[in-house]
Structure formats: C-alpha cells, structure tokens
Amino acid sequence: MYEAIIVGARCGGSATAMLLARQGHSVLVVDRAEFPSDTFSTHFVTAPGTALLDRWGAIPKLKERGVPFFDHIVLNINGNVMKTTDVFGALQVCSPRRTDLDPVLRDMAVEAGAEVRMQTTVADLVRDGDRVTGVKLRDAAGNVTEESASIVVGADGRTGIVARTVEPKTRDEHEIHGSGLYAYFDDFEYESEAASFFDGAFLFAFPTGARSACIGTEVDNSLNDAIRADPEKVFLDRIGADDDLLQRVKAATRDGRWHTGELTTGFFRHAAGPGWALVGDAACTKDPLLGHGITDSFVGAELLAAAIHDDRLDEYDDALWRTLRPIYEASRDAAIDLGKSGDDLFAAVMPAQMLVREELDMVTAGGPTL
C-alpha cells in the first residue's frame with residue numbers, strides 16, 4: 001500500500017510526488033504517456049513559478065537541456081515597446097517546452113524515491129463506500145493490477161479520470177472565450193520573452209531553447225472553424241499585427257504541426273474529498289491569456305504535499321481556493337472580450353500582473369502555506 005498514488009506525471013503530478021517523496025512518503029505515479037511528449041500548454045512559467053523551480057533545484061537541470069531564463073518580458077502595446085523591469089523590476093521567468101519540463105520533474109520525483117510507471121492507464125478508481133482507496137491499472141501489455149493508497153491524487157488534467165469519477169462540485173464556472181494557436185520555430189531570433197497587445201490581437205513569443213521558441217496568439221473561439229480549415233493563415237493574419245515579429249517568424253523554420261485547444265469552459269473545482277485530491281488543471285482551468293496554469297500547478301503541489309505530510313488534507317481545498325482565487329478571477333475577467341483595443345487589453349491584464357508580483361513575494365517568503 002502506498003501513501004499516495006498520483007495519476008498524471010506532468011508538472012503538477014511530478015512536483016507533488018517529488019515533494020512528498022523528499023519527505024519520506026511512499027508514492028506511486030502513473031501516466032498513460034511516454035516521455036518526452038508534448039501537450040497543449042501555455043509554456044510560460046511566471047516569476048513565482050520560476051521561484052519554485054529554483055527552490056526545488058530544477059533550474060540547473062533545465063539549463064542543461066538548453067532552456068533559457070530571463071529577468072524581463074518585452075511588451076509591445078500598439079507599437080509602444082517597454083520592458084517589465086520598467087514596472088516590476090527584475091522577475092526571473094522561463095518557457096520550457098513540455099518535452100523538457102515534464103521529464104525533468106518526473107526524474108526529480110524518481111531521484112527523491114517515488115516509483116513512476118509510464119504507459120500505464122487508470123482503468124477505474126477503487127472505493128470502500130464513499131472513500132477512494134486505490135486504482136485499477138492497465139499497463140502497455142494490457143495487464144490489469146490493483147494498487148491501494150491512503151490518497152489518490154488527480155493530476156491528469158481537466159478531463160482526467162479522477163475528477164470524472166469523483167464528480168467534485170464546482171466553486172466557480174465560466175465561459176472561456178478564446179484559446180491558443182501556436183507552433184514551435186527554430187532559427188528564431190529573440191531578446192527575451194515577448195508579448196504584444198494590438199487591436200484585437202494578443203501575440204506571444206516564448207523562447208524554449210537556443211534560437212527556438214513557441215510563437216502564437218490567443219484567438220477568439222469564433223475563429224475555431226477558420227483554424228481547422230487553415231491554421232497557418234489565421235496565425236499569419238494575427239502575427240501580421242506586429243511587423244517585427246512577423247519578419248522574424250518568416251526568417252525562422254516551423255518545427256512540427258500547429259497546436260490549438262478549443263477551450264470553452266473554465267472552472268474552479270472543490271479539490272479534495274474522502275481519499276482523493278486534485279491538483280493542476282484538474283482542480284482549476286481558466287482562460288490561458290495570462291499563462292498562469294503551470295504556476296498554479298506548482299503552487300497546488302506545494303499546498304497538497306504539505307497537507308498530506310502534515311495530515312491536514314481537510315484544509316487543502318480551502319487553502320487552494322484562497323491562494324489561487326485572486327489570479328483565477330483576474331484571468332477570467334481579463335479575457336471576457338478578446339476584441340478589445342491593444343491598450344484596453346493590456347489595461348485588463350495589468351491587475352493580474354500586480355497579483356503575480358504579490359504571489360512572488362509570497363513564494364519568496366517561504367509560501368504557499370495552508
């Protein structure tokens with residue numbers, strides 16, 4: 001019997017497993033994928049998320065893989081260029097490709113003592129009355145086994161089997177108006193992380209490696225049919241709002257396919273119950289405009305690991321809501337109208353950026369805490 005079984009080995013699940021294993025807990029992590037593998041993602045790790053990577057000792061491992069780190073973001077608001085250092089001071093940020101971030105955290109969990117089984121699917125949860133007591137697993141060969149645990153953690157995304165099975169109530173639910181359209185590019189010239197706010201267009205260029213980047217735009221859901229028909233045309237039409245970015249994209253080479261996600265509903269779920277807990281997108285999914293999802297997963301991992309270690313799981317649900325609610329609500333409200341002018345869209349995201357600064361101060365002070 002394990003103290004914790006974690007379903008999902010990506011950033012939220014592996015971070016939770018690593019933190020628990022470092023405190024001596026017996027942990028099993030399972031994931032249906034085999035790493036390295038991509039997944040739909042904002043890629044961006046905000047300053048508090050990067051500070052947690054630093055706390056955990058992950059930054060040197062990411063740098064070994066060529067992931068660049070920066071102390072600022074270049075902002076372009078309708079042609080007016082500024083740096084975040086002008087407003088917030090130096091804030092260390094990064095945007096690792098998930099083929100780098102997820103394996104690094106998975107391997108750190110293994111180094112800490114967690115057991116990890118890849119290409120392993122959860123067929124069902126095991127219950128004793130209302131309490132979750134374990135999982136039924138199916139490996140790549142089709143063999144079915146059953147494992148028990150004091151707690152089963154759903155770190156398997158917004159549609160994962162843990163949340164689908166336990167059916168948690170929601171604290172908040174809202175319509176998501178847009179989603180990302182992006183691709184990876186090689187031979188791309190960059191100075192730093194970059195975000196552009198033009199009339200009706202939000203653009204981003206997130207460096208993922210040496211001369212490589214994830215480049216994209218957030219698009220209103222009304223464009224979903226056009227994206228399915230010709231994603232490159234939609235992408236270039238949007239990127240064309242920033243001529244400098246467009247020229248650098250044209251000089252680069254696209255690596256692989258176009259990526260998009262048709263998100264329609266955001267939510268904040270109750271994140272714990274008898275024998276189960278949720279972390280990451282399984283607990284909280286919101287509009288991707290602010291790129292805060294990975295950081296939310298890291299913050300949730302810290303809170304959940306502390307709750308399990310200190311036998312305070314009954315406090316985790318409220319602590320997660322209390323900690324993530326301000327940025328969740330700011331993200332929800334900022335992206336209601338993606339057709340705003342560039343100036344208005346930038347003004348809409350600024351309150352959330354002030355909250356990110358407060359969250360960084362909280363992490364720097366040793367948080368998050370229950």
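Figured I'd write up the structure that's included with this text. (Residues numbered from 1 in each chain as written. Predicted model: local features only at pLDDT ≥ 70, side-chain atom pairs only at ≥ 80, totals over all residues. Heavy atoms only, no water.)

This part covers the sheet that holds strand S11 (residues 170-175). One open sheet accounts for three strands, arranged S11-S17-S20; its pairing is antiparallel. Single-partner strands in this sheet number two, and they are S11 and strand S20 (284-285). For strand S17 (residues 265-269) and S20, the ladder comprises two bridges, and the chain directions are antiparallel. Looking at the pairing, Phe268 lines up with Cys284 of S20. (Pairing = 2+ DSSP bridges. Helix = DSSP H or I, 4+ residues; strand = E, 2+ residues; numbered from the N terminus.)

By the secondary structure assignment, Arg98 is in helix H5 (residues 98-112). What makes Arg98 buried here is its relative accessible area of 7%. In this structure the side chain of Arg98 is engaged in a polar contact, spanning 3.1 Å, whose partner is the side chain of Asp102. With near-sequence residues (within four places) excluded, Arg98 lies in contact with Arg10, Cys11, Ser37, Thr39, Ser41, His43, Pro103 and Ile294. (Buried < 20%, exposed > 50% of the residue type's maximum accessible area, 1.4 Å probe, protein only. Polar contact = N/O pair within 3.5 Å; in protein donor to acceptor, adjacent residues only side chain to side chain. Contact = heavy atoms within 4.5 Å.)

Here we take up the environment of Gly12. Mapped onto the elements of the fold, Gly12 is located in helix H1 (residues 11-22). Taking the C-alpha atoms as reference, Gly12 lies 5.4 Å from Gly280; in sequence the two are 268 residues apart. Apart from the residues within four sequence positions on either side, Gly12 is in contact with Ala155, Val279, Ser297 and Ala301.

Moving on: the packing of aromatic side chains. Considering all chains together, one arrives at 15 aromatic pairs under this definition. Look at Phe204 and Phe206: their rings are 4.9 Å apart centre to centre, the planes differ by 25 degrees, and that puts the pair in the stacked class. Each member of the pair, Phe204 as well as Phe206, carries the same accessibility label: buried. Through a chain of ring-to-ring contacts, three or more aromatic side chains come together here, namely Phe44, Phe197, Phe202, Phe204, Phe206 and Phe346. The cationic tip of Lys63 hangs over the ring face of Phe69; the distance from NZ or CZ to the ring centre is 5.6 Å. (Phe/Tyr/Trp six-rings, centres within 6.5 Å; stacked < 30°, edge-to-face > 60°. Lys NZ or Arg CZ within 6 Å of the ring centre and 35° of its normal.)

With 23 residues, helix H12 (residues 342-364) should cover 33 Å at 1.5 Å per step; its first-to-last C-alpha distance of 32 Å lies within 8% of that length. Within H12, the axis deviates most sharply at Met350, by approximately 30 degrees, and proline Pro351 lies no more than four positions further along. Phi for Gly366, located one or two positions after H12, is positive at around 110 degrees. (Expected span 1.5 Å × (residues − 1). Bend = angle between axes of the 7 residues up to and from the residue.)

Counted under the stated rule, the structure contains 24 salt bridges. With a closest N to O distance of 3.2 Å, Glu191 and Lys83 form a salt bridge. One end of the pair, Glu191, is in the loop between strand S12 (178-186) and strand S13 (193-198); the other, Lys83, is in strand S5 (residues 80-83), with 108 residues separating them in the sequence. Residue Lys83 is classed as partly exposed on the basis of its relative accessible area, which comes to 34%. For Arg332, the salt bridge is made with Asp172, and the minimal N-O distance between the two is 3.2 Å. (Salt bridge = Lys/Arg side-chain N within 4 Å of Asp/Glu carboxyl O.)

Further remarks concern the state of the cysteines. This structure, assessed with the given rule, holds zero disulfides. The thiol of Cys94 is not disulfide-bonded; the next cysteine sulfur, from Cys11, is found 11 Å away. With a relative accessible area of 0%, Cys94 lands in the buried category. Among the cysteines around Cys284, which has no disulfide bond, Cys11 carries the closest sulfur, lying 13 Å off. (Disulfide = S-S within 2.5 Å.)

Pairing is mixed in the open sheet, where seven strands are placed in the order S5-S4-S13-S14-S15-S12-S16. Bordering the open sheet on either side are S5 and strand S16 (253-260), each of which pairs with just one other strand. Sheet twist, expressed as the average angle between the axes of neighbouring strands with direction ignored, equals 15 degrees. Pairing geometry for S12 and S16, over five bridges, is antiparallel. Bridge pairing in S16 places Leu181 opposite Thr260. Where helix H8 (residues 231-239) meets the sheet, its contacts fall on S12, strand S14 (201-209), strand S15 (212-220) and S16, and the angle it forms with S15 comes to roughly 90 degrees. (Axes fitted to C-alpha atoms, helices over the stretch in contact; angles between N-to-C directions.)

The omega angle of the peptide bond from Phe35 to Pro36 is 0 degrees, so this bond is cis rather than trans. Turning to its location among the elements, Pro36 is positioned in the loop between strand S2 (27-31) and helix H2 (47-56). The omega angle of the peptide bond from Gly367 to Pro368 is 5 degrees, so this bond is cis rather than trans. Topologically, Pro368 is positioned in the segment after H12.

There is a patch of like negative charges on the surface, built from Asp199, Asp337, Asp343 and Asp344. Overall, Asp199 belongs to the exposed group, its relative accessible area being 53%. (Patch = residues over 30% accessible without salt bridge, like charges linked within 9 Å, V, L, I, M, F, W, Y side chains within 5 Å. Areas by Shrake-Rupley, 256 points an atom, 1.4 Å probe, with all protein chains shown as cover. Lys, Arg positive; Asp, Glu negative; His and termini not counted. Charge placed at Lys NZ, Arg CZ, Asp CG, Glu CD.)

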